[in-house]
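Read off the chains here:
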Amino acid sequence: MPLDGLHQGRVLLLVAGSGRSVVSKSFQGMEMSERDGIFAGTDPFEIATRWLEDAKGSEPNDPNAIALATVDSEGLPNVRMVLLKEIERDAFVFYTNYESAKAAELDSAGKAAFVMHWKSLRRQIRVRGTITRETGPQADEYYASRSLKSRLGAWASKQSRPLSSRSALMAEVAKVTAKLGPNPPRPPFWGGYRLEPNEIEFWADGAFRLHDRFQWRRDQAGSGWQVQRLNP
Ligand SMILES: Cc1cc2nc3c(=O)[nH]c(=O)nc-3n(C[C@H](O)[C@H](O)[C@H](O)COP(=O)(O)O)c2cc1C
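In this report, we go over the structure that sits alongside the text. On a predicted model such as this, the values are computed, not experimentally measured, just so you know. (Residues numbered from 1 in each chain as written. Predicted model: local features only at pLDDT ≥ 70, side-chain atom pairs only at ≥ 80, totals over all residues.)

Per the secondary structure count, the chain includes five helices and eight strands. N-terminal to C-terminal, the α/β element order of the chain is α-β-β-β-α-β-β-α-α-α-β-β-β. The buried share of the chain, taken over its 232 residues, is 25%. (Helix = DSSP H or I, 4+ residues; strand = E, 2+ residues; numbered from the N terminus. Buried ≥ 20, exposed ≤ 12 C-beta atoms within 10 Å, placed from the backbone.)

In structure tokens, the structure reads:
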């Protein structure tokens, strides 16, 4: 069940059987009353969902855009925007081409980070964690929910590899359209990635650059969260 930016009202995806971890009730070094208003809550995925809902009301485009950071085989960082499509009970999911530069970097490192920033809200969320592919029915369902042109585009694009001209790309689109017709299957080289965080930070702009920051950390997916306030 995909989240499609502004167009669908669904943000929090509760995946059957994905087992929510019990969120720690003991918040390290901080009274619960300290973390109120937009920061309140005992589940960072619910807070992220709430903030994304807020952003849908104020951002002109793509409130679910994230800057996804990876590292290449030389240790050189890389970053690009992708769309966050699902917030699950315990993970974040986005979709891409498995033969792209980012996919090579995601697969070899098994780790990634992303940041979402909403200028209209003056807020950001930072996330770091481990990466696995989502190639099952969930990816099929999301692929099927896209427009036909987007589905065919996924077949036509050899993402991240050199392209001689735009007309060569359009010729490839025409070729796959003729070959696959109105119901193309999900390409085997296209699907999801699931980021399971061990760190999530919520940041909101404060007067005179005295911003609020709350960092949620856990040892691994499934274990309890510890929350601490950080200096701006
Ligand atoms: C707002 C925005 C959203 C994007 N969403 C996606 C996306 O969901 N998936 C994707 O593969 N590329 C997306 N792109 C394109 C990527 O930024 C990037 O150009 C492409 O994935 C190739 O990156 P790579 O060569 O590092 O693999 C998006 C770009 C922008 C500006």
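Having seen it, we continue.
On a regular strand, one side chain projects to one face of the sheet and the next to the other, so that they alternate. Of the pairings in the sheet, the one linking strand S1 (residues 65-71) to strand S4 (residues 111-118) comprises three bridges and is antiparallel in character. Within the sheet, the bridge partner assigned to Ala-67 lies in S4 and is Val-115. With eight bridges joining them, S4 and strand S5 (residues 123-134) adopt antiparallel strand pairing. Considered in S5, the bridge of Phe-114 is made with Val-127. In textbook terms, the turn of a hairpin is the stretch between consecutive antiparallel strands, and for S4 and S5 this stretch comprises four residues, one of which, Arg-122, has a positive phi near 55°. (Pairing = 2+ DSSP bridges.)

Here the focus is the site of the ligand. The immediate surroundings of the ligand are formed by 16 residues, with Met-81, Thr-96, Ser-100, Lys-102 and Ser-160 found nearest. Taken together, the elements giving at least two residues each to the shell around the ligand come down to strand S2 (77-87), strand S3 (92-97) and helix H2 (101-109). Top element by residues in the shell around the ligand is S2. It accounts for five residues. Taken together, the residues that form the shell around the ligand break down as seven nonpolar, six polar and three charged. (Near = placed C-beta within 6 Å. Nonpolar A, V, L, I, M, F, W, Y, C, P; charged D, E, K, R; others polar.)

Along the chain, the position of Tyr-95 falls in strand S3. With 21 C-beta atoms packed within 10 Å, Tyr-95 lands in the buried category. Distance from Tyr-95 to Trp-190, taken between C-alpha atoms, is 7.5 Å for residues 95 residues apart in sequence. If we skip the residues at most four places from it in the chain, Tyr-95 touches Lys-85, Tyr-142, Gly-191 and Gly-192. (Contact = placed C-beta atoms within 7 Å.)

Moving on, we come to the pairing of S2. Relative to S2, S1 is paired through seven bridges, and the arrangement is antiparallel. Bridged to Val-71 within S2 is Pro-77. Taking the residues between adjacent antiparallel strands as the criterion, S1 and S2 are bridged by five residues, where Gly-75 takes a positive phi near 85°. As defined by bridge partners, S2 adjoins S3 across three bridges and the pair is classed as antiparallel. Residue Ile-87 lies in a different strand from S3, and its bridge partner there is Phe-92. Taking the residues that link successive antiparallel strands as the turn, the S2-S3 hairpin has four residues.

Take unusual backbone geometry next. At Asp-62, a residue that is not glycine, the phi angle is positive and equals roughly 40°. With respect to the helices and strands, the residue Asp-62 is situated in the loop between helix H1 (44-56) and S1. Owing to 13 C-beta atoms within 10 Å, Asp-62 belongs among the partly exposed residues under this scheme. Even without being glycine, Arg-209 reaches a positive phi, approximately 65°.

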